[in-house]
Amino acid sequence: MTSKLKMGKAKQGMPVSTKSLWKRMVEFWEVYLLLLPVALYYIIFKYVPMFGNVIAFQDYSITRGILQSEFVGLKHFTSFLNDVYFWRLLKNTLMINLYGLLFAFPAPIILALLLNEVRCTPFKRSVQTITYMPHFISAVVVCGMILDFISPNGLVNSVLNAFGIESKKFITDPQYFYGVYTVMDIWQGIGWGSIIYISALSGIDAELYEASAIDGASRWQQTLRITLPCLLPTIAICLIMRVGQMLSTGFEKIILLYNPAIYSTSDVISTYVYRKGILGGEYSFSAAVGLFNSIINFLLLVFANWFSKKATGSGMF
Amino acid sequence: MAKCKRLVSFVLCGVMALSFAGCDKKETTPSSDAIDTISVFCGRSASLSEEMKDYNDVASFQKMEELTGVKVEWTLPPASGYDEKFNLMIASGNYTDVIVSSWKAQGAEKFHKDGIIINLLDYKEHMPNFMAYTEAHPEFAKDYISTDGKLLYFPYIRENLESNVFYGPLMRQDWLDKLGLEVPTTSEELYQVLKAFKEKDPNGNGEADEIPMTGVGASGVGLLLNMFSTHHGFYLDGDKVVYGLLEDNFTEGISYIAKLYEEGLLDADYVFQDRAKQDGKITNNKAGFMYSYQPTTISNAMAEKDPNFKLVGIPNLKNKEGKRVTYYSAYATSVLPSGAAAITTACKNPAAAVKWLDSFYSKEGIEAMNFGIEGETYTKENGECVFTDLVMNNPERSVSKMFDRTSGVFNSYFPSVQLWESYSKSLSSYGKAAIETWADGTDISGILPSINFTEEEKKKVADYMAQITTYADETVDQIILGQKPVSALNEARAKIKEMGMDEVLKIYQAAYDRYDKTNVSF
């Protein structure tokens with residue numbers, strides 16, 4: 001029996017209308033009215049401002065405004081691509097994302113799978129609550145705490161020393177940055193990220209498990225053959241969305257954690273452009289870099305979606 | 001029908017709510033002849049407490065209204081929303097008569113070219129006080145007169161060096177006394193003192209847990225370079241603009257700092273800690289020396305906890321030639337970038353507006369802006385202005401809160417001249433002592449003044465410097481932390497030249513020469 005679950009299509013039990021769109025809109029006008037503010041929000045605040053991207057191709061001056069600022073074509077894009085640090089920034093951005101994909105992405109899934117096995121409900125709930133609390137702590141506080149923990153005399157080094165391991169220079173040695181950032185990401189995101197998987201897991205038909213138990217499947221086989229395939233569409237969507245943000249990596253957390261001694265691994269596109277912006281009030285340059293990031297992200301998104309469809313049969317669009 | 005009625009009432013409520021959003025304050029335009037009101041757009045200082053409506057509640061401005069007969073209508077956006085409101089006002093074309101802003105940073109020339117603000121020199125016959133002040137203090141004039149000889153705004157000026165000084169070297173005097181040491185004056189003496197702090201347990205707890213010197217980031221620690229006559233960024237060597245890293249004495253300076261770090265005399269956390277952590281180390285009796293702000297807050301906090309605690313400002317340390325040199329730019333910032341007033345083309349009577357702004361530089365005006373209202377907030381004793389008990393000993397409010405309500409120049413939000421005689425009275429004894437020590441005998445001739453760039457120059461500099469500072473900061477930190485040897489500086493110098501440093505130096509030199517040659521007689 002194939003279970004090609006297509007996300008967002010057939011919902012069981014809902015009546016499907018056969019009238020035209022217009023007639024449906026009139027018939028269910030309260031529902032569409034409810035949708036109207038949201039639709040307007042997206043049109044006014046997301047789509048209309050897109051025209052502002054034109055400043056990426058100008059030498060925008062705040063006193064002259066968009067219509068009178070000089071048009072310079074691709075000047076900012078070339079200046080960005082030719083920047084001495086361009087490749088390093090790109091590498092750092094991609095590396096941080098790669099570590100995230102390899103370690104921080106599976107973490108919530110594993111947590112969800114583990115929690116799914118827990119029978120004792122109070123324990124399950126308390127673990128869930130404890131793990132999603134860090135999500136609500138502001139980035140400034142989290143980074144302040146992390147800097148304290150990994151400082152030369154901080155908590156982590158004290159623990160290492162207790163085991164006879166020498167103190168490591170976590171915050172001044174570039175090689176540790178990806179690790180520190182990823183661990184912080186996992187700590188903050190694991191609980192919140194697991195919510196969506198836990199809810200997907202609870203939607204798996206119990207009959208499938210019963211049927212497999214009758215056929216003699218062990219728990220491990222059940223996980224491999226039932227749980228994971230059923231979870232696959234959710235995983236695919238989350239993966240696609242994450243890939244679509246690859247180039248716009250978490251600016252605030254990095255700015256709060258980095259320092260010049262570790263620029264070689266921690267300086268990413270957004271932090272560099274931020275420093276450049278401070279020096280020159282470079283609206284056009286930042287707009288150009290932002291546009292560049294968005295275009296690449298979009299292409300990655302489309303590719304990830306296509307790949308997901310080919311590999312798992314489900315995609316976002 | 002009931003459904004319809006409810007819908008109608010909801011819609012009516014909504015319309016009513018929306019209409020309130022449209023209300024806004026109207027700005028009155030002044031009458032054509034001698035003005036009796038003037039509209040001013042200015043940032044709302046954080047020192048204006050909630051109960052005060054606007055600056056007309058501050059004693060200085062009340063006195064100015066009496067002296068000039070001009071009533072001010074303030075438009076005061078809060079500091080966080082200032083830029084937005086400013087941009088909106090400019091874009092709308094509906095300007096107030098006067099706009100107070102950081103004109104130098106904004107590029108006043110741009111606004112003048114676009115016909116938004118006027119050249120005040122067109123009305124120079126109406127500003128005798130300001131002209132006299134400029135003639136008496138030509139060293140300030142280069143800062144506010146533009147390179148093509150225009151005056152586009154009235155500046156906020158701090159007349160005395162002490163008013164600019166708020167940052168310098170601080171040391172635990174009680175530790176020095178305990179160990180029987182003299183205040184260090186040279187780099188060698190400082191090294192010995194720091195070593196003693198580390199080895200001789202001045203905090204008396206029997207553990208060698210002292211961190212002799214602490215600091216925040218490369219700029220906090222970088223002031224040690226002053227002892228080697230150099231500095232992190234751009235500065236002056238005579239009349240030449242130089243960049244620290246390229247100079248020879250920079251190598252010596254960085255080696256010194258690296259040595260301090262290696263021997264554990266410099267806080268390993270300096271690279272990433274913030275001011276709160278740094279101050280915490282001082283108040284926890286761990287650190288003995290740092291470059292930071294005047295010690296009022298720390299001293300007040302420690303006064304009860306530990307009566308022996310003495311954090312004092314020590315004189316700026318000497319360089320090889322025995323001169324107390326500093327390159328900390330604030331010391332030379334007498335003309336502040338903020339608090340400058342420009343007159344817009346919307347002003348119907350610019351001559352009168354110029355006359356009004358000029359009155360803030362007259363003798364009576366400066367006195368009023370610094371001390372407030374005679375008889376109420378200050379009295380004259382032997383020709384000197386002395387604040388009354390209302391300000392200095394008010395049972396309801398602290399001294400600094402009373403200054404907020406009294407002295408118009410206490411915070412730089414409106415152009416006039418701030419005098420050390422008034423500002424110093426607002427400081428605690430700790431602060432005043434530290435500031436006077438730091439200002440005494442310090443040579444600030446090497447500090448690069450705030451020169452103006454043209455728009456193309458600014459863009460070029462920004463483009464190059466983004467890469468250069470990234471590389472320079474990274475290399476310097478790595479050398480200090482011991483990750484790279486001091487010889488890496490040679491490689492860095494070559495790399496920076498490749499990145500276009502020569503171009504940048506040329507631009508800086510040209511801008512400085514222009515600045516230096518500014519014709520200050522008008």
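Our subject is the structure listed above.
So, here is what we can say about the structure in this document. (Residues numbered from 1 in each chain as written. Chains lettered and ligands numbered in written order. Predicted model: local features only at pLDDT ≥ 70, side-chain atom pairs only at ≥ 80, totals over all residues. Heavy atoms only, no water.)

**Overview of the pattern of salt bridges**
Residue and element names in this part refer to chain B. Evaluated as defined, the whole model comprises 18 salt bridges over all chains. For the salt bridge of Arg172 with Asp174, the shortest nitrogen-to-oxygen distance reads 2.7 Å. Each member of the pair Arg172 and Asp174 is classed as buried. Across the pair Glu367 and Lys380 runs a salt bridge, and its minimum N-O distance is 2.9 Å. (Salt bridge = Lys/Arg side-chain N within 4 Å of Asp/Glu carboxyl O. Buried < 20%, exposed > 50% of the residue type's maximum accessible area, 1.4 Å probe, protein only.)

**Concerning helix α13 (residues 275-283) of chain B**
Residues and elements named next belong to chain B. For α13, the set of buried residues is Gln278, Asp279, Lys281 and Ile282. The arc that holds the buried residues of α13, viewed along the axis, is 150 degrees, so those residues lie on one side. On the buried face of α13, the contacting elements are β5 (167-172), β6 (211-213), β9 (287-293), α14 (296-305) and β10 (311-313). In the stretch just after α13, Asn285 is the one whose phi turns positive, near 65 degrees. (Helix = DSSP H or I, 4+ residues; strand = E, 2+ residues; numbered from the N terminus. Arc of directions from axis to C-beta. Contact = heavy atoms within 4.5 Å.)

**A word on the interface of chain A and chain B**
Contacts between the two partners involve 31 residues from chain A, matched on the other side by 27 residues from chain B. Of the roughly 2500 Å² buried at the junction of chain A and chain B (both faces included), carbon and sulfur atoms supply 59%. Where chain A packs against chain B, one counts one salt bridge. For the salt bridge of Glu474(B) with Arg88(A), the shortest nitrogen-to-oxygen distance reads 2.9 Å. Taken together, the links from chain A to chain B amount to six residue pairs in polar contact (both at pLDDT 80 or more). Tallied by class, residues from the side of chain A that touches chain B come to twelve nonpolar, eight polar and eleven charged. (Buried area = accessible area lost by both parts, 1.4 Å probe. Polar contact = N/O pair within 3.5 Å; in protein donor to acceptor, adjacent residues only side chain to side chain. Nonpolar A, V, L, I, M, F, W, Y, C, P; charged D, E, K, R; others polar.)

**Quick look at the sheet that holds β6(B)**
Residues and elements named next belong to chain B. Strand order across the open sheet formed by four strands is β6-β9-β5-β10, with mixed pairing between neighbours. Each edge of the sheet is formed by a strand with only one pairing partner; in this case those strands are β6 and β10. With strand direction ignored, the average angle separating the axes of adjacent strands in the sheet is 30 degrees. One ladder, built from three bridges, connects β5 with β10; its direction is antiparallel. Bridge pairing in β10 links Arg172 to Leu311. Lying over the sheet, helix α20 (residues 429-439) contacts β5, β9 and β10, oriented at roughly 115 degrees with respect to β5. (Pairing = 2+ DSSP bridges. Axes fitted to C-alpha atoms, helices over the stretch in contact; angles between N-to-C directions.)

**Some remarks on the sheet that holds strand β3 (residues 98-101) of chain B**
Residues and elements named next belong to chain B. Within the open sheet, the four strands sit side by side as β2-β1-β3-β12. Their pairing is mixed. This sheet does not close on itself; its edge strands, each paired only once, are β2 (71-75) and β12 (340-343). Put simply, the sheet's adjacent strands are angled 30 degrees from each other on average, direction ignored. The pairing of strand β1 (residues 37-41) with β2 spans five bridges and is classified as parallel. Looking at β2, one finds that Val40 is bridged to Trp74. Strands in contact with helix α3 (residues 82-92) are β1 and β3; relative to β3, the strand with the most contacts, it is inclined by about 145 degrees. Across the sheet, helix α15 (residues 350-358) lies against β1, β2, β3 and β12, angled at about 165 degrees from β12, the strand it touches most.

**With respect to unusual backbone geometry**
Residue and element names in this part refer to chain B. A positive phi angle is found at Asp201, which is not glycine, with a value near 50 degrees. Looking at the secondary structure, you find Asp201 in the loop between α10 (187-199) and β6. With a phi close to 65 degrees, Asn285 is a non-glycine residue in the positive phi region. You can see Asn285 is positioned in the loop between α13 and β9. Residue class for Asn285 comes out partly exposed when judged on its relative accessible area of 22%.

**So, the nonpolar core**
All names here are of chain B. The biggest cluster of nonpolar side chains holds 101 residues, and the ones touching the most others in it are Leu224, Phe234, Tyr243 and Phe289. In terms of residue count, helix α21 (residues 455-480) provides more of this core than any other element does, nine residues in total. Excluding residues that lie within four positions of it along the chain, Tyr243 makes contacts with His232, Gly233, Phe234, Tyr235, Met465, Ile468, Ala472, Ile496, Met501 and Leu505. Within the second largest apolar cluster, 66 residues are counted, among which are Trp74, Ile116, Val354 and Phe414. (Core = buried A, V, L, I, M, F, W, Y, C linked by side-chain atoms within 4.5 Å.)

**Some thoughts on the side chain of Gln188(A)**
Residues and elements named next belong to chain A. Counting through the fold element by element, Gln188 comes out in helix α10 (residues 177-202). Residue Gln188 is classed as buried on the basis of its relative accessible area of 8%. With residues up to four places along the chain from it excluded, the contact list for Gln188 reads Pro134, His135, Ile137, Val142 and Lys253.

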